[in-house]
Amino acid sequence: MTVTLLAVAAVMVVTLLIGLHGVAAMRTTSDFLVASRRVSPLLNSAAVSGEYLSAASFLGVAGLVVRDGIGALWYPVGFTAGYIAMLILVAAPMRRSGALTVPDFAEARLASPGLRRLSAAVVLVIGALYLVPQLRTAGLVLSMVSSLPYWVGVVIAGVVVSATLALGGMRAATYVQAFQFLVKLLLFIVPAVWLVAAVTPEERHTAVHPVEFTHFTEDTTVEFRVDVTLETSEAVTAATPDGGEVVIGPGEVTVEAGQTLVFPEGAPVPEVNGGGTPGGEQWHRPLLNLSDYGHPLLATLAMLTATALGTMGLPHVLMRFHTSPDGRSARRTAAFTVALLGVFYLFPGVYGVLGRVLVPGLYLSGVTDTVVVALPSQVSPGWVGALMTTLLVVGAFAAFLATSVGLLLVISGAISHDLLPGGLRRLRITVLAAAGVLVLLALPSAPLAAGMLVTWGFTVAASTFCPLLVLGIWWPRLTRTGAVSGVLVGLAGTLGAIAMALFGPPLEGWQAILVAQPAPWTVPLAFTTMVVVSLRGQAPPWSRTAMLRLHLDEPPRTSPPNR
Amino acid sequence: MPQRPKRVAVTSPQTRLAHLRGRARGRWRVPRLDPEDAERAERLYRLQRRQGLLALVAGAAALVGLPLVFAAWPVLDEVRVWSIPLSWLMLAVLPYPTMAALAFWQLYRAERIERR
């Protein structure tokens with residue numbers, strides 16, 4: 001496994017080198033300016049996709065398929081659909097406003113420093129909800145391949161991100177991110193194709209004919225990485241690696257994190273944390289099964305609302321669009337991104353479906369996000385399997401790094417630029433402080449699936465920045481008070497629901513879905529608040545001009561000015 | 001000794017603007033448009049709004065429609081193409097080319113509006 005860690009280190013070094021070399025290659029002022037103006041939409045959309053494809057996409061989606069079923073493939077559909085909403089509603093006008101971030105936009109369109117600070121606070125919330133699962137998943141993968149404890153993995157991940165940022169790894173960011181996209185695409189597709197070819201015909205057949213996982217078909221080793229409550233109807237005797245025996249059940253038994261148990265062939269599979277077993281009746285349905293709450297149609301639509309409308313408000317994605325020279329190419333960038341993401345997202349399902357057949361024991365461990373990296377060694381214990389594992393770990397780490405560095409930069413920028421204005425030195429310190437806080441938040445988050453946490457980030461964005469941007473760009477009568485109230489209501493609603501889902505009493509049925517996935521009510525609520533409060537006030541006389549300016553196209557580009 | 005070019009601190013125009021704005025916080029100018037530009041912007045705004053609504057409705061219909069189809073016809077899980085359930089393929093493959101097509105259609109229409 002040392003090889004794997006070395007490979008991860010190599011990716012980091014290459015990333016840093018491209019960043020530094022990209023800067024060194026630009027000698028003169030005009031080189032720099034021309035480069036920043038001539039980034040083609042295709043290169044830029046590769047960079048957008050590179051920044052966007054996070055650990056949640058690389059590992060999380062396949063893990064959710066193993067845990068919840070085929071319906072989890074709706075997540076990547078929502079992640080991609082977000083760029084269509086972005087293309088239609090936001091891309092070109094946002095670029096033409098000249099604003100790099102939503103706080104900038106708030107000030108440019110509504111001239112409100114108060115709203116600017118509020119938006120910066122929302123950036124922090126979205127960033128934290130998005131970064132914590134990245135750190136968590138990177139920590140899990142590191143602890144899996146190196147047998148270090150989880151917390152060490154998280155701390156290493158945090159240090160790596162802050163170090164990359166501090167050493168300037170994100171200079172010449174467009175090239176770095178475009179490179180990262182290619183790396184991730186290759187490292188995801190090659191092992192997937194190999195896996196499909198390498199499994200036996202029977203395994204392939206079982207993969208598409210799911211049967212419920214009720215009895216262990218072979219001796220199955222389960223490494224528990226988080227505390228898990230198992231429930232069985234009859235007693236199961238499991239062996240420990242040191243030769244001892246543990247009797248589980250009948251009834252509920254809590255297994256502590258760090259334990260390893262070997263379940264014998266033929267034993268009944270316990271239920272985990274009150275959920276069912278994978279491959280059951282609901283598993284093969286193409287609708288989202290949210291924690292066995294039922295109402296799969298509502299759950300699917302709730303998640304789609306959050307992801308499709310939340311993408312346009314993700315701070316690290318919006319930032320990437322300003323490297324487009326004008327509104328027209330920002331629009332092209334968004335369209336190409338839809339196509340590029342579509343290629344990547346054809347493959348998480350392959351890992352998920354194979355994972356259910358080959359590593360069903362992962363489901364018992366309570367953490368399915370490691371399924372992608374666990375698969376190759378199951379299929380081929382030899383060097384090919386080890387090579388494929390290494391490729392996937394490297395890809396997962398690249399995914400984690402690309403998204404995290406971008407997000408950490410945005411978070412630190414929001415703190416040091418919008419909330420507590422200060423110089424560059426302040427920015428460096430802010431980066432370290434923010435990374436420290438996020439690592440602390442990630443430590444207790446191991447049991448929370450990456451896909452779910454990331455979707456909460458999308459939900460906050462959809463209930464705050466989506467109405468702000470959409471109404472700011474398309475509705476001249478939006479007022480400052482209206483915008484502020486809408487953002488506050490959306491933020492309070494979403495955070496309240498998330499707190500309720502995490503710490504509140506257990507709920508059942510559709511109420512549980514609307515608490516765990518509040519977008520269907522928080523988004524309309526935020527929009528309505530903004531409209532109603534704005535209509536009761538009076539927009540300033542320049543409001544219409546401020547909006548129309550965003551829709552005025554640039555004059556056709558002439559040849560670059562003489563040097 | 002050959003003289004090396006003088007080192008200059010280079011920032012993008014946007015960074016420079018941001019720095020300026022950072023220093024003069026609070027100085028915000030009332031947005032203005034020439035009458036000619038205002039007229040063009042008004043026309044573009046209306047046309048883009050119409051086209052955008054059309055594309056949004058199409059996208060939303062497809063995105064909401066597919067789950068409804070799955071809920072209404074569970075038989076799609078039983079029909080198999082190359083032994084894979086048809087509903088799995090409709091979820092794992094079909095949306096991506098469809099969304100790309102919608103994106104390029106919207107891009108083409110939006111750019112055509114601006115060419116006029």
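As annotated in an unreviewed UniProt entry, chain B is Membrane protein from Thermobifida cellulosilytica TB100.

A. Summary view of the overall build of chain A. In terms of regular secondary structure, chain A is built from 23 helices and seven strands. Of all 563 residues assigned to chain A, the portion counted as buried reaches 59%. Contacts in chain A between residues far apart in sequence, at least 24 positions, make up 80% of those at least 6 positions apart.

B. Up close: the sheet that holds strand β7 (residues 271-272) of chain A. All names here are of chain A. Pairing within the open sheet is antiparallel, and its three strands lie in the order β5-β2-β7. Only two strands of the sheet have a single partner each, and these edge strands are β5 (251-255) and β7. Here two bridges tie strand β2 (residues 228-232) to β7, and the two strands are oriented antiparallel to one another. What sits directly across from Leu230, in β7, is Val272.

C. Representation of unusual backbone geometry within the structure. All names here are of chain A. Backbone geometry places Ala111, a non-glycine residue, at a positive phi of 50°. Structurally, Ala111 can be placed in the loop between α6 (102-110) and α7 (113-146). Overall, the presence of 19 C-beta atoms within 10 Å leaves Ala111 in the partly exposed class.

D. How the structure looks around the nonpolar core. Residues and elements named next belong to chain A. Counting residues in hydrophobic clusters, the biggest one holds 218 residues, and the most contacted among them are Ala396, Leu408 and Leu469. Among the elements that take part in this core, helix α17 (residues 383-419) stands out by supplying 20 residues, more than any other. Looking at which domains feed residues into this core, each of domain 1 (2-203 + 287-447) and domain 2 (220-272) supplies at least three. Among all residues touching Ala396, those that are not within four sequence positions of it are Ala55, Phe58, Leu59, Val141, Val372 and Val373.

E. Structural detail: the packing of helix α11 (residues 296-310) of chain A against helix α19 (residues 450-474) of chain A. Residues and elements named next belong to chain A. One way to put it is that α11 packs onto α19 with a least axis distance of 7 Å and a crossing angle of 65°. In terms of crossing hand, the pair formed by α11 and α19 is left-handed. Every residue of α19 that contacts α11 at Met303, Thr305, Ala306, Thr307, Leu309 and Gly310 is listed here: Thr455, Phe458, Thr459, Ala461, Ala462 and Cys466. In terms of residue class, the contact of α11 with α19 is made up of seven nonpolar, five polar and no charged.

Rules of the game
- Residues numbered from 1 in each chain as written.
- Chains lettered and ligands numbered in written order.
- Predicted model: local features only at pLDDT ≥ 70, side-chain atom pairs only at ≥ 80, totals over all residues.
- Helix = DSSP H or I, 4+ residues; strand = E, 2+ residues; numbered from the N terminus.
- Buried ≥ 20, exposed ≤ 12 C-beta atoms within 10 Å, placed from the backbone.
- Contact = placed C-beta atoms within 7 Å.
- Pairing = 2+ DSSP bridges.
- Core = buried A, V, L, I, M, F, W, Y, C linked by C-beta atoms within 7 Å.
- Domains from an automatic or database assignment.
- Axes fitted to C-alpha atoms, helices over the stretch in contact; angles between N-to-C directions.
- Left-handed = near helix turned anticlockwise from the far one by under 90°.
- Nonpolar A, V, L, I, M, F, W, Y, C, P; charged D, E, K, R; others polar.

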